[in-house]
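# Examination of the molecular architecture
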Amino acid sequence: CHKSDDNSLHRMFNVAQPGTYIRAHWHRHPPKDESLLVMQGAICAFIFDDEGQIQQQVLLGAGSNEFGIDIAAGVCHSFVVLQADTVLFEVKPGPYNPQTDKDFAEWAPAEGTDQAATFLAELQQRIAR
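Worth saying up front: this structure is predicted, and the values here are computed from it rather than measured. (Residues numbered from 1 in each chain as written. Predicted model: local features only at pLDDT ≥ 70, side-chain atom pairs only at ≥ 80, totals over all residues. Heavy atoms only, no water.)

### A few points about the side chain of His25
Tracing the chain through its elements places His25 in strand 2 (residues 25–26). Of the polar contacts made by the side chain of His25, one reaches the backbone oxygen of Arg23; its length is 2.8 Å. Among the polar contacts listed, one links the side chain of His25 to the side chain of His27, at a separation of 3.4 Å. (Helix = DSSP H or I, 4+ residues; strand = E, 2+ residues; numbered from the N terminus. Polar contact = N/O pair within 3.5 Å; in protein donor to acceptor, adjacent residues only side chain to side chain.)

### Quick notes on a nonpolar patch on the surface
On the surface, Phe13, Leu37, Met39 and Phe67 cluster together into a nonpolar patch covering about 390 Å² of accessible area. Considering the arrangement of structural elements, one finds Phe67 in the loop between strand 5 (54–61) and strand 6 (68–71). (Patch = residues over 30% accessible without salt bridge, like charges linked within 9 Å, V, L, I, M, F, W, Y side chains within 5 Å. Areas by Shrake-Rupley, 256 points an atom, 1.4 Å probe, with all protein chains shown as cover. Salt bridge = Lys/Arg side-chain N within 4 Å of Asp/Glu carboxyl O.)

### What to know about the environment of Thr20
The residue Thr20 is located in the loop between strand 1 (9–16) and strand 2 in this model. When the C-alpha atoms of Thr20 and Val80 are compared, they prove to be 7.2 Å apart, with 60 residues separating the residues in sequence. Residues contacting Thr20, with those up to four places away along its chain left out, are Val81 and Leu120. Here the side chain of Thr20 touches Gln17 through a polar contact of 2.6 Å, landing on its backbone oxygen. (Contact = heavy atoms within 4.5 Å.)

### Notes on helix 1 (residues 114–126)
Over its 13 residues, helix 1 runs 19 Å from end to end, which matches the ideal 18 Å to within 8%, given 1.5 Å per residue. All of the buried residues in helix 1 are Ala116, Phe119, Leu120 and Leu123. When helix 1 is viewed along its axis, its buried side chains cluster within an angular range of 100 degrees and face the same direction. Summarising the geometry of helix 1, the exposed residues directed more than 90 degrees from the buried face are Asp114, Ala117 and Gln125. Those residues of helix 1 hidden inside the fold are in contact with strand 4 (42–48), strand 5 and strand 7 (76–81). (Expected span 1.5 Å × (residues − 1). Buried < 20%, exposed > 50% of the residue type's maximum accessible area, 1.4 Å probe, protein only. Arc of directions from axis to C-beta.)

### Observations regarding the layout of surface pockets
Approximately 400 Å³ is the volume found for the largest pocket. Secondary-structure elements contributing two or more residues to the lining of the largest pocket are strand 1, strand 3 (34–40), strand 7 and strand 8 (86–93). Broken down by element, the residue count for the lining of the largest pocket peaks at five residues, all from strand 1. Per-class residue counts for the lining of the largest pocket are 11 nonpolar, seven polar and nine charged. (1 Å grid on protein atoms, 1.4 Å probe; cavity = no way out; pocket = protein on both sides within 12 Å on 5 of 7 lines; lining within 4 Å. Points joined across faces, edges and corners; volume = space filled by probe spheres on them. Nonpolar A, V, L, I, M, F, W, Y, C, P; charged D, E, K, R; others polar.)

### Quick look at the packing of aromatic side chains
Both the distance between ring centres and the angle between the ring planes are used here to describe each pair of aromatic rings. All told, the structure shown has five aromatic pairs when counted by the stated rule. Plain terms: the ring middles of Tyr21 and Phe119 are 6.3 Å apart, the flat faces sit at 90 degrees to each other, and that makes the pair edge-to-face. One end of the pair, Tyr21, is in the loop between strand 1 and strand 2; the other, Phe119, is in helix 1, and 98 residues separate them in sequence. Overall, the relative accessible area of 13% leaves Tyr21 in the buried class. Relative to Phe48, the ring of Phe46 has its centre 6.2 Å away and its plane inclined at 20 degrees; by these criteria the two rings are stacked. Among the aromatic side chains, those forming a connected cluster through ring pairs are Tyr21, Phe46, Phe48, Trp107 and Phe119. (Phe/Tyr/Trp six-rings, centres within 6.5 Å; stacked < 30°, edge-to-face > 60°.)

This is the structure we're talking about:
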């Protein structure tokens, strides 16, 4: 919803399906807060410590009492998609630079690997619905 990568505020719609893997990451350099609102569908957001231990998990769903989360700069996070055609509205500061946008957790497998599929399955098993 913003006009260019240089805008100071970025507003985006993200559509995701169950089985989508989002590698755990921080927004540290430069520090950026991030907000996610579930417009359709549902996710489980995970907050991790620096070693990869789950500190918090939050079920978020469109039309529920819990439909959004604010993630402070420097907080490691990811999410698991729970329903088909989940739509998220994401807001975070710009400008966007793909070299510095995310600091990926070394303990979280890279996207597209067999280890990522295993890690995603482990997160899915931890979700209390």
